[in-house]
Amino acid sequence: MELGLYTFADVDPNAANKGLEAKRRVDELLEEIQLADEVGLDVFGLGEHHRPDYMASSPATILAAAAVKTKNIRLTSAVSVLSSDDPVRVFQQFATVDLLSGGRVEMMAGRGSFIESFPLFGYDLEDYDLLFAEKLQLLMEIRENEVVSWQGETRKPIQGRGVYPRPLQDPLPLWIAVGGTPQSVARAGALGLPLALAIIGGEPHRFAPLFNLYRQSAERTGTDPSLLKTSINVHGFIHETDQSAADIFYEPQAVVMNRIGRERGWGPTNRAHFDASRGPQGALFVGSPETVAEKIIAHHKIFKNDRFLLQMAIGPMPHKEIMKGIELYGSKVAPLVREALTANTLGA
């Protein structure tokens with residue numbers, strides 16, 4: 001199983017100098033990606049947003065900088081909001097980063113958990129589903145063919161035009177990210193694309209039937225489910241002890257969840273809810289290296305996932321603590337997980 005990280009590059013939305021705040025965060029982010037590579041993690045993902053509390057509106061640009069500073073780690077969007085972007089440009093940008101990285105780049109497409117990009121780029125929210133369906137179809141066409149002919153309702157046709165550059169990887173890996181909608185899960189399976197499932201609340205084991213649906217949908221359309229990769233993407237943090245991890249991570253996590261909650265009508269979070277969520281059945285992967293490794297292994301038994309991505313850099317998390325968490329993830333958690341999964345495989 002691949003082990004990695006993802007982030008939305010959180011910044012202080014109330015910073016007086018937003019350019020200076022963004023500069024601070026992008027510098028720290030590149031250090032975090034470099035360290036993740038150095039400690040042997042497999043994947044780093046960066047999510048696209050268009051809000052004052054997140055800096056990465058152009059993941060491909062930042063991943064291009066990371067590509068030339070790293071050697072082994074795979075770099076992906078997490079996600080690219082395909083519905084409000086141009087699939088031609090998305091492909092061109094990530095193909096370019098793939099060339100810079102020597103073939104270590106992936107695209108992760110999704111509809112996004114926020115809607116700011118739609119009015120920003122002149123799209124109608126009434127076309128939410130159609131935009132994603134058509135643009136995903138076009139992106140898949142571009143991956144498969146150098147010269148593209150395509151026609152749909154949401155943009156003018158492309159008639160026999162070449163799309164360049166071509167990536168080093170052929171085809172350029174493309175994942176679909178979902179938040180738990182069965183229709184989206186089934187579509188990913190039917191299209192034969194890898195699936196990333198975000199789990200940020202509730203009890204993760206309750207999401208397991210979605211992976212079953214995904215694999216069944218793939219099989220019905222003639223794709224061998226064993227060839228398709230799956231990922232679970234979660235929130236969490238690693239520190240020396242369970243208590244220190246919880247004490248450091250609680251406030252930044254609460255700041256973000258309460259901010260989003262006010263926008264969406266959720267009730268406020270509290271420490272008791274947080275502590276319950278970091279228990280064995282909860283959605284937060286917070287604790288010592290041994291605790292987090294044990295929880296990753298336990299959930300792998302449920303999901304049979306090929307990838308696990310952890311979001312530690314959330315809200316006002318101090319950079320030094322993120323760096324500490326990354327070091328422990330690579331040096332302590334990853335070896336424990338890999339050893340356990342290898343033993344399980346050999347014993348099967």
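Please refer to the structure higher up on the page.
Because the structure is a prediction, the values reported are computed rather than measured.

## Quick word on the pairing of strand β2 (residues 43-46)
And step 1. The alternating pattern of β2 places Val 43 and Gly 45 and Phe 44 and Leu 46 on opposite faces, both of which are buried.
And step 2. Strand direction decides the pairing type here: strand β1 (residues 2-7) and β2, joined by 4 bridges, are parallel. Bridge pairing links Leu 5 to Phe 44 in β2.
And step 3. Between the parallel pair β1 and β2, the chain is carried across by helix α1 (residues 18-38), and the sense of this crossover is right-handed.
And step 4. Remark: the β2/helix α2 (residues 59-67)/strand β3 (residues 74-77) crossover connection has right-handed handedness.

## Examining the pattern of salt bridges
Note that side chains of opposite charge can pair when their charged atoms are close.
And step 1. A complete count under the given rule lists 20 salt bridges for this structure.
And step 2. One salt bridge in this structure joins Arg 24 and Glu 21, with 2.7 Å as the shortest N-O distance. Of this pair, Arg 24 and Glu 21 both sit in helix α1, 3 residues apart, which is roughly one turn of the helix.
And step 3. By relative accessible area, which is 34% here, Arg 24 ends up partly exposed.
And step 4. Two residues, Arg 51 and Glu 263, come together in a salt bridge whose shortest N-O distance is 2.8 Å. Of this pair, Arg 51 sits in the loop between β2 and α2 while Glu 263 sits in helix α8 (residues 242-264); the two residues are 212 residues apart in sequence, bridging distant segments of the chain.
And step 5. Since its relative accessible area comes to 10%, Arg 51 is described here as buried.
And step 6. Salt bridges sharing common partners tie together Glu 21, Arg 24, Arg 25, Glu 28 and Glu 32.

Conventions used here
Residues numbered from 1 in each chain as written. Predicted model: local features only at pLDDT ≥ 70, side-chain atom pairs only at ≥ 80, totals over all residues. Heavy atoms only, no water. Buried < 20%, exposed > 50% of the residue type's maximum accessible area, 1.4 Å probe, protein only. Helix = DSSP H or I, 4+ residues; strand = E, 2+ residues; numbered from the N terminus. Pairing = 2+ DSSP bridges. Right-handed = clockwise from strand over helix to strand, strands pointing away. Salt bridge = Lys/Arg side-chain N within 4 Å of Asp/Glu carboxyl O.

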